[in-house]
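# What the coordinates show
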Amino acid sequence: MPSQEPIEDSGGGFLITSEPFYLPSANEIDLFEAAYGAKLPVMLKGPTGCGKTRFVQYMAYRLGRPLVTVACHEDLFASDLVGRYILQNDETVWRDGPLAAAVRMGAICYFDEIVEARKDTTVVIHPLTDDRRTLYLERKGEVINAHPDFLLVISYNPGYQSVLKDIKQSTRQRFVALEFDYPGIENETAIIQKETGIDADTASKLVKLGRKIRNIREHGLTEGASTRLLVYAARLIKAFCFCS
Ligand SMILES: Nc1ncnc2c1ncn2[C@@H]1O[C@H](COP(=O)(O)OP(=O)(O)O)[C@@H](O)[C@H]1O
Ligand SMILES: [Mg+2]
């Protein structure tokens, strides 16, 4: 998945060409399409490994938009996102960062785990989240008006961060929030089968085990078993059975 690489692309390199498998839980596809149509930024709220990233990949494919993903972390500066001047053959040239590239090409720009981002990055995205839909390249002195198809999407895990790391109300209120959670029993079993090719009986046992572990979490275990973890467990079981 492209992230903090220098980008000069018309969108082709970021297009998802084959349909990602995504099993919806409720009306999240319709809600996302409505937000996209209304040019409203979207926040995907939910625990890790419950299908947020897969959903964005699916929606990018469905809407035919390129997808630029930015994995947020505390060493990621605003300049990494908007771009910088670099030296090229004794010349100073401007290089768009992933956000600037996404804004110009009309991509879906997905900020994964926004709470991990530095404060200066949230300042940069604010003017993109209201009716201005602009990005200011401070060092270049340029204001980019977002391409009509540009959409900002962030993911946020509410149970994860400390109060110190929570996102500000003023940021949160700018997004249409879609709530995610682990899929229901039937859906999760189907997902594990489809993702790994494991038999229905083993998939069903894994899902039951996963739900029990999630239940313990509510009684003090810090991390529950995510759908991702169950998919990994199924892959491991399959590989092990194949070897022995
Ligand atoms: N609704 C779903 N449809 C298809 N696969 C899913 C779904 N939910 C979870 N998965 C599986 O779980 C894995 C982890 O999901 P991911 O989207 O990476 O989680 P998140 O971004 O919420 O941490 C995916 O790679 C996929 O195998
Ligand atoms: Mg993710």
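Everything in this summary refers to the structure shown in the same document. Note that the structure is a prediction, hence the values are computed from the model and not measured. (Residues numbered from 1 in each chain as written. Chains lettered and ligands numbered in written order. Predicted model: local features only at pLDDT ≥ 70, side-chain atom pairs only at ≥ 80, totals over all residues. Heavy atoms only, no water.)

The next point concerns the packing of aromatic side chains. Under the counting rule described, the total for this entry stands at 5 aromatic pairs. Members of the aromatic cluster, connected to one another through ring pairs, are Tyr 22, Phe 32, Phe 55, Tyr 58 and Phe 180. Between the NZ or CZ atom of Lys 194 and the centre of the ring of Phe 21, over which it lies, the distance is 5.4 Å. In this structure, Arg 214 is placed above the aromatic ring of Tyr 182, and the distance from its NZ or CZ to the ring centre is 3.9 Å. (Phe/Tyr/Trp six-rings, centres within 6.5 Å; stacked < 30°, edge-to-face > 60°. Lys NZ or Arg CZ within 6 Å of the ring centre and 35° of its normal.)

Turning our eyes to something else, we now look at the side chain of His 126. Inspection of the secondary structure puts His 126 in helix 5 (residues 119–129). Among the polar contacts listed, one links the side chain of His 126 to the side chain of Thr 171, at a separation of 3.0 Å. When near neighbours in sequence (up to four residues on either side) are disregarded, His 126 contacts Arg 132, Ser 170, Thr 171 and Arg 174. (Helix = DSSP H or I, 4+ residues; strand = E, 2+ residues; numbered from the N terminus. Polar contact = N/O pair within 3.5 Å; in protein donor to acceptor, adjacent residues only side chain to side chain. Contact = heavy atoms within 4.5 Å.)

In the region of ligand 1, 16 residues are neighbours, and Leu 23, Gly 49, Lys 52, Thr 53 and Glu 195 sit closest. Between Arg 54 and ligand 1, the recorded distance is 2.9 Å, taken from a backbone N or O atom to an oxygen atom. Within the contact set of ligand 1, an oxygen atom lies 2.5 Å away from a side-chain nitrogen or oxygen of Glu 195. For ligand 1, the protein covers 91% of the area, taking 570 Å² as the surface of the free molecule. Among the elements of the structure, helix 2 (52–63), helix 7 (185–196) and helix 9 (227–243) are those that each provide at least two residues to the shell around ligand 1. Residue composition of the shell around ligand 1, by class: 7 nonpolar, 5 polar and 4 charged. Domain assignment of the residues forming the shell around ligand 1 places at least three in each of domain 1 (12–179) and domain 2 (185–243). (Near = heavy atom within 4 Å. Areas by Shrake-Rupley, 256 points an atom, 1.4 Å probe, with all protein chains shown as cover. Nonpolar A, V, L, I, M, F, W, Y, C, P; charged D, E, K, R; others polar. Domains from an automatic or database assignment.)

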